[in-house]
Amino acid sequence: MKKTQWLITGVLTSLVAGTLAGCSQDLPPKPDDTSCSDWDWDDEEGVWQCDDTRSSHYGHFFYGGMFYRSKSALMNSSSYKSYKSSSSFKSGFGSGSKGGFGG
């Protein structure tokens, strides 16, 4: 019975590790801006967002070297619109999680 448990554990571990590896993506580097010390990746928009409550940029989105106060300000940026319609956005950054079973 112990060999069977060991085998099942090994198979399940491999499946879980493979699924998690399929979900990961290489993100662009975090912004190198001293006005915010805590950055979170926004999967949906494919940009970094400042999560530093002490920063005057708290909650702002960061794209193309600029801060955007709101999601609508980001969406109205012509360079962001171009990025969002690009193949790199659709196939990686900002396209949500990929991978998993049948993903």
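What counts and what doesn't
Residues numbered from 1 in each chain as written. Predicted model: local features only at pLDDT ≥ 70, side-chain atom pairs only at ≥ 80, totals over all residues. Heavy atoms only, no water. Salt bridge = Lys/Arg side-chain N within 4 Å of Asp/Glu carboxyl O. Helix = DSSP H or I, 4+ residues; strand = E, 2+ residues; numbered from the N terminus. Buried < 20%, exposed > 50% of the residue type's maximum accessible area, 1.4 Å probe, protein only. Pairing = 2+ DSSP bridges. Core = buried A, V, L, I, M, F, W, Y, C linked by side-chain atoms within 4.5 Å. Contact = heavy atoms within 4.5 Å.

**A closer look at the pattern of salt bridges**
Piece 1. Following the criterion strictly, the structure yields 3 salt bridges and no others.
Piece 2. Its salt-bridge partner being Glu45, residue Lys84 comes within 2.9 Å of it at the nearest N-O pair. Here Glu45 lies in the loop between β1 (39-42) and β2 (47-50) and Lys84 lies in helix α3 (residues 78-84), a separation of 39 residues in the sequence.
Piece 3. In this structure, the salt-bridge partner of Arg54 is Asp52, at a minimum N-O distance of 3.7 Å.
Piece 4. According to the relative accessible area criterion, Arg54 is exposed, its value standing at 73%.
Piece 5. A relative accessible area of 8% places Asp52 in the buried class.

**Regarding the pairing of β2**
Piece 1. Where β1 and β2 come together, 4 bridges link them in antiparallel fashion. Pairing of Asp42 across the sheet is with Val47, part of β2.
Piece 2. The hairpin formed by β1 and β2 contains 4 residues between the paired strands, and Gly46 there has a positive phi angle of roughly 70°.
Piece 3. In this structure, β2 lies alongside strand β3 (residues 61-63), joined through 2 bridges in antiparallel fashion. By the bridge assignment for β3, Gln49 is matched with Phe61.

**So, the nonpolar core**
Piece 1. Judged by nonpolar contacts, Val47, Phe61, Tyr68, Leu74, Tyr80, Tyr83 and Phe89 together constitute the single largest core of 7 residues.
Piece 2. For Leu74, the contacting residues outside a window of four places in its chain are Glu45, Val47, Phe61, Tyr63, Tyr68 and Tyr80.
Piece 3. Grouped together as the second largest cluster of nonpolar side chains are 6 residues, Cys36, Trp41, Trp48 and Cys50 included.

Interpretation note: all reported values are geometric properties and have no functional meaning in isolation.
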